[in-house]
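Take a look at the letters that make up each chain.
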Amino acid sequence: MSFARICRKERFGERFVCFELEERNIASQARPGQFVMVRPGFGVFDPLLPRPFAVLSANADRFSLLFEIVGKGTELLSHLEVGDVVEVLGPLGRGFSLDAHSGILLAGGRGLVPLVFLAREFKKRSISFSFFLGVRERKDLALLRLLEDLPRVLWSCEEAVSGGFCGTVLDLVGKCLERALWQEARIYACGPEGMLRELATVFPGKEEDIEVALEARMGCGFGVCLGCAIPRRGGGYWHVCSDGPVFRLSEVVL
Ligand SMILES: Cc1cc2nc3c(=O)[nH]c(=O)nc-3n(C[C@H](O)[C@H](O)[C@H](O)COP(=O)(O)OP(=O)(O)OC[C@H]3O[C@@H](n4cnc5c(N)ncnc54)[C@H](O)[C@@H]3O)c2cc1C
Ligand code: FES
């Protein structure tokens, strides 16, 4: 693991924190969909295991992460301030494919993190895309600030918000994307497992051309502890850390 200094910290609503971190290797090598393992401080072993987070952006000598505070590790991270140091390992795993003709990006909550990185890469490469974000609560709409520089962003919220679509991100897609529009595009998704499972129903016959970024409990992050195994379509197992975290929907059993 190496050390990274926090050079910027920003809150997005009550539950999300974004860090910009100084670490040249990760910043220069990270690709959309890859992740890093993070310890909340230098030589901190409680919690024992580092936590995995997708890379939000990377350039020159800095990269950024955005995390939701859900438990002990993320709570500890959220108390760190600019100038503090964290231990990091990465970039790890297999990222998204970047050779699509056009893309439909579907994010549920914090699942937007790897997709924002992908969207910015598509923008640089002039690959056309639409970005759909769904959040559960009104206060999570603070995440929309991350999407301000992107074209064609649509959002939904499961709580009623004036002027907004009420429902899940897949309800929104069902309302405004006709088959002809999604048939030609590659679909990229990240979000809660239930949402990813539903993709096969919303986009029938498309599983080969849907890429999903998965989350799993992780120990090492690089294929040694076997803690992140998930069932493989057709038998056997994948390791989310080293075979993924991005898979074609047709490769996994969710
Ligand atoms: C490849 C990858 C990329 C990720 N990227 C991000 C990201 O960009 N932003 C972000 O906020 N989170 C991301 N996560 C999830 C993040 O790693 C967990 O939320 C974090 O490890 C929780 O640590 P904790 O100590 O705060 O919570 P814990 O105390 O460990 O757990 C708190 C609660 O969250 C649940 N939980 C913890 N980890 C997971 C998991 N992997 N999958 C499902 N439920 C879990 C637990 O069951 C428990 O209910 C990613 C996970 C993976 C595997
Ligand atoms: S996290 Fe250790 S093998 Fe995947």
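Residues numbered from 1 in each chain as written. Chains lettered and ligands numbered in written order. Predicted model: local features only at pLDDT ≥ 70, side-chain atom pairs only at ≥ 80, totals over all residues. Heavy atoms only, no water.

As annotated in an unreviewed UniProt entry, the protein chain carries the name FAD-binding FR-type domain-containing protein and is attributed to Candidatus Caldatribacterium californiense. Here is the UniProt Sequence similarities (unreviewed entry) comment for the protein chain, exactly as written: "Belongs to the PyrK family." (UniProt positions renumbered as here; feature names shortened; annotations may be inferred.)

In this section: the domain arrangement of the protein chain. Splitting the protein chain by domain gives domain 1 (2–92), domain 2 (102–212) and domain 3 (214–254). If you average the C-alpha positions of domain 1 and of domain 2, the two centres end up 24 Å apart. Of the roughly 1,500 Å² buried between domain 1 and domain 2 on both sides combined, carbon and sulfur atoms contribute 68%. Considering only the surface of domain 1 that becomes buried against domain 2, Phe12, Pro32 and Leu56 emerge as the three largest contributors, covering 37% of it. A salt bridge links aspartate 140 to arginine 15; the shortest N-O distance between them is 2.6 Å. Remark: the boundary between domain 1 and domain 2 carries five residue pairs in polar contact (both at pLDDT 80 or more). Counting only elements with at least two residues in the side of domain 1 that touches domain 2, the list comes to β1 (2–12), β5 (57–59) and β6 (62–68). (Domains from an automatic or database assignment. Buried area = accessible area lost by both parts, 1.4 Å probe. Salt bridge = Lys/Arg side-chain N within 4 Å of Asp/Glu carboxyl O. Polar contact = N/O pair within 3.5 Å; in protein donor to acceptor, adjacent residues only side chain to side chain. Helix = DSSP H or I, 4+ residues; strand = E, 2+ residues; numbered from the N terminus.)

Per the UniProt record, "domain: FAD-binding FR-type" (unreviewed entry) is found at residues 1–98. Helix makes up 13% of residues 1–98 and strand 46%, and the two end C-alpha atoms of the span are 28 Å apart.

The subject of this paragraph is the pattern of salt bridges. With the rule as written, the count across this model stands at 26 salt bridges. Residues glutamate 159 and arginine 138 are paired through a salt bridge, measuring 3.9 Å at the closest nitrogen-oxygen approach. Taken together, the positions of glutamate 159 in the loop between β10 (153–157) and β11 (165–166) and arginine 138 in the loop between β9 (128–135) and β10 put the pair 21 residues apart, joining distant regions of the chain. Since its relative accessible area comes to 32%, glutamate 159 is described here as partly exposed. On the basis of relative accessible area, arginine 138 is assigned to the partly exposed category, the value being 47%. With a shortest N-O distance of 2.8 Å, arginine 233 and glutamate 207 are connected by a salt bridge. Taken together, the positions of arginine 233 in the loop between β14 (229–231) and β15 (237–239) and glutamate 207 in the loop between α6 (193–202) and β13 (210–213) put the pair 26 residues apart, joining distant regions of the chain. With a relative accessible area of 41%, arginine 233 lands in the partly exposed category. Three or more residues are tied together by salt bridges with common partners; here these are Glu14, Arg15, Glu68, Arg110, Glu137, Lys139, Asp140 and Glu215. (Buried < 20%, exposed > 50% of the residue type's maximum accessible area, 1.4 Å probe, protein only.)

Further remarks concern the packing of aromatic side chains. One pass over the structure, following the stated rule, counts seven aromatic pairs. Geometrically, the ring pair formed by tryptophan 238 and phenylalanine 247 is tilted, given 5.6 Å between the ring centres and 50° between the ring planes. One exposure class covers both tryptophan 238 and phenylalanine 247, and it is buried. The rings of Phe96, Phe122, Phe129 and Tyr188 are connected pair by pair, giving a single aromatic cluster. Across the ring face of phenylalanine 12, the terminal group of arginine 145 is positioned such that the distance to the ring centre comes to 4.2 Å. A cation sits over an aromatic face here: arginine 232 above tryptophan 238, 3.9 Å from the ring centre. (Phe/Tyr/Trp six-rings, centres within 6.5 Å; stacked < 30°, edge-to-face > 60°. Lys NZ or Arg CZ within 6 Å of the ring centre and 35° of its normal.)

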